Amino acid sequence: MLIVAYDGAQILDIACPSGALDIANGYGAKPPYSVELGTLGRRAARSSAGILIGAGQGLETVAGRLDTLFVVGGIGCENAASDRHLLGQVRRLAGLSRRVASVCTGAFVLAAAGLLDHRRVTTHWGWGERLAERHPAVAVDVAPLYIRDGHVYTSAGVTSALDLTLALIEDDHGPTLARAVARELVTHVHRPADQAQISVFLAAPPPEDRLVRDLVGHIAGHLAEDLTPVALAARAGVSPRHLTRLFTAHLGTTPARAVRVARTEAAAHLVRSSGLSMAAISRRCGFGSAETLRQAFLDHYGITGDRIRRMPDMPTARVAPRRQTPGP
């Protein structure tokens, strides 16, 4: 992996992928990962925290095939995205890479290099509107934690770099190694939702049961896919009846209700953070129609999508899916 940095880069954007891949090597990743930090002219980059970070590679001298090109974000992204020399090198190196990734506002650099045109991407929730305005050929969606579109990966703000890197490790070496790295880092392989989304599933501790926890993460990252109880049970390797028992015990709700809540909350976030139509949002979040989405908003929040769009803050659910006291 070649991590592209610049002055004003966020140090966590660098530390999360490099640290996770180092731990993956310690757990026997085969082939092992090789991680280098690259800058223009191999100059040290001063992070947004003021820490000077030495570079192992000058971007101009890198040749040959690369596995992963990883562009970080930070407050210096605006200057980086207007640096023609840097953009030229990023464009050239992307052509040498098996896959290209960004974290946070690193998406601005990839977009300015023309690498995100006609792709669905994400970035930090606070910068999504600006990215969409600046690059109208890019389909910006700030709801997911990370997005894969072909060989291009983009992720949300800062520590989502860790979630994305764990996903890359799982793609490369399978879930066993990814889980081992996550345990070492004292984190989860999948988070239930991106940091910008106010989710009732994040208001309480995560489910203790690993199967339920992994399925909640799968639901949040695949809202437009088949998430029927039968499909979820097949993914987990259990019967639909047993799946219902697990969700009821650990979330206080059924699988179908959990899916509806996740889709509704993600849709509410898109209503507030994007200019997408209700029909487009309903498709992205797995609803059959704008009318179905409208009814989901009424059931969950007691208001329509139009009112959600005009509210100064995210709405609060009328009924949380997790029971606060044990049932009979």
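To start, this report covers the structure provided alongside it. (Residues numbered from 1 in each chain as written. Predicted model: local features only at pLDDT ≥ 70, side-chain atom pairs only at ≥ 80, totals over all residues. Heavy atoms only, no water.)

The terminal C-alpha atoms of helix α1 (residues 11-26), which comprises 16 residues, lie 22 Å apart, in line with the 22 Å expected from a rise of 1.5 Å per residue. Residues of α1 that are buried include every one of Asp-13, Ile-14, Cys-16, Pro-17, Ala-20, Leu-21, Ile-23 and Ala-24, and no others. Measuring from the side-chain oxygen of the N-cap residue of α1 to the backbone nitrogen of Leu-12 gives 3.1 Å; that N-cap residue is Gln-10. Among the residues trailing α1, Gly-28 stands out with phi positive, at a value near 95 degrees. (Helix = DSSP H or I, 4+ residues; strand = E, 2+ residues; numbered from the N terminus. Expected span 1.5 Å × (residues − 1). Buried < 20%, exposed > 50% of the residue type's maximum accessible area, 1.4 Å probe, protein only. Polar contact = N/O pair within 3.5 Å; in protein donor to acceptor, adjacent residues only side chain to side chain.)

Further remarks concern the pairing of strand β2 (residues 36-39). Across a regular strand the side chains alternate sides, sitting on one face of the sheet and then on the other. Pairing between strand β1 (residues 2-4) and β2: three bridges, direction parallel. Note on β2: the bridge partner recorded for Val-4 is Gly-38. Chirality of the crossover, the property in question, places the unit of β1, α1 and β2 among those that are right-handed. The pairing of β2 with strand β5 (residues 57-58) spans two bridges and is parallel. (Pairing = 2+ DSSP bridges. Right-handed = clockwise from strand over helix to strand, strands pointing away.)

Tracing the chain through its elements places Thr-264 in helix α11 (residues 255-273). If sequence neighbours within four positions are ignored, Thr-264 has contacts with Phe-287, Ala-296, Phe-297, His-300 and Tyr-301. (Contact = heavy atoms within 4.5 Å.)

Read across the open sheet, the seven strands follow the order β5-β2-β1-β6-β7-β11-β10; overall the sheet is mixed. Bordering the open sheet on either side are β5 and β10 (146-149), each of which pairs with just one other strand. Contacts from helix α3 (residues 84-95) reach β1, β6 (66-71) and β7 (97-103) within the one sheet, and its direction differs from that of β6 by about 150 degrees. (Axes fitted to C-alpha atoms, helices over the stretch in contact; angles between N-to-C directions.)

Following both chains from N to C, one finds helix α8 (residues 210-221) and helix α9 (residues 229-236) inclined at 125 degrees, their axes separated by 11 Å at the closest point. One element, α8, and the other, α9, form an angle in the oblique class. By crossing handedness, the relation of α8 to α9 is classed as right-handed. Where α8 approaches α9, its residues Leu-211, Leu-215, His-218 and Ile-219 are matched on the opposing element by Leu-232, Arg-235 and Ala-236. Looking at the contact of α8 with α9 residue by residue, the class counts come to five nonpolar, one polar and one charged. (Parallel < 35°, antiparallel > 145°, perpendicular 65-115°, else oblique. Left-handed = near helix turned anticlockwise from the far one by under 90°. Nonpolar A, V, L, I, M, F, W, Y, C, P; charged D, E, K, R; others polar.)

Centre distance and the angle of the planes are the two values used to describe a pair of aromatic rings. This model, assessed by the stated rule, comprises two aromatic pairs. Summarising the aromatic geometry, the rings of Phe-108 and Trp-127 are spaced 5.5 Å apart at their centres and angled 85 degrees between planes, so their arrangement reads as edge-to-face. Of the two residues, Phe-108 is situated in helix α4 (residues 106-112) and Trp-127 in the loop between β8 (120-121) and α5 (128-134); the sequence distance between them amounts to 19 residues. With relative accessibility at 21%, the residue Trp-127 sits in the partly exposed group. With a centroid separation of 6.2 Å and 40 degrees between ring planes, the pair formed by Phe-297 and Tyr-301 is classed as tilted. One end of the pair, Phe-297, and the other, Tyr-301, are both in helix α13 (residues 290-301), four residues apart, so they sit about a helical turn from each other. (Phe/Tyr/Trp six-rings, centres within 6.5 Å; stacked < 30°, edge-to-face > 60°.)

Moving on: the environment of Thr-105. Among the structural elements, Thr-105 can be located in the loop between β7 and α4. Taking relative accessible area as the criterion, Thr-105 reaches 2% and is therefore assigned buried.

Here we take up the environment of Gly-157. Inspection of the secondary structure assignment puts Gly-157 in the loop between β11 (152-155) and α6 (160-173). When the C-alpha positions of Gly-157 and Tyr-146 are compared, they lie 9.5 Å apart, and in sequence the two are eleven residues distant.

Another point: the pattern of salt bridges. Scanning all chains against the criterion turns up twelve salt bridges. A salt bridge links Arg-98 to Asp-67; the nearest nitrogen and oxygen atoms lie 2.7 Å apart. You can see Arg-98 sitting in strand β7 and its partner Asp-67 sitting in strand β6, a full 31 residues away along the chain. Residue Asp-214 pairs with Arg-179 through a salt bridge whose shortest N-O separation is 3.1 Å. Here Arg-179 lies in helix α7 (residues 175-184) and Asp-214 lies in helix α8, a separation of 35 residues in the sequence. Given a relative accessible area of 29%, Arg-179 falls into the partly exposed group. (Salt bridge = Lys/Arg side-chain N within 4 Å of Asp/Glu carboxyl O.)

For the rest of this paragraph, the subject is unusual backbone geometry. Backbone torsion omega between Lys-30 and Pro-31 reads 0 degrees, so that peptide bond is classified as cis. As for its placement among the helices and strands, Pro-31 is situated in the loop between α1 and β2.

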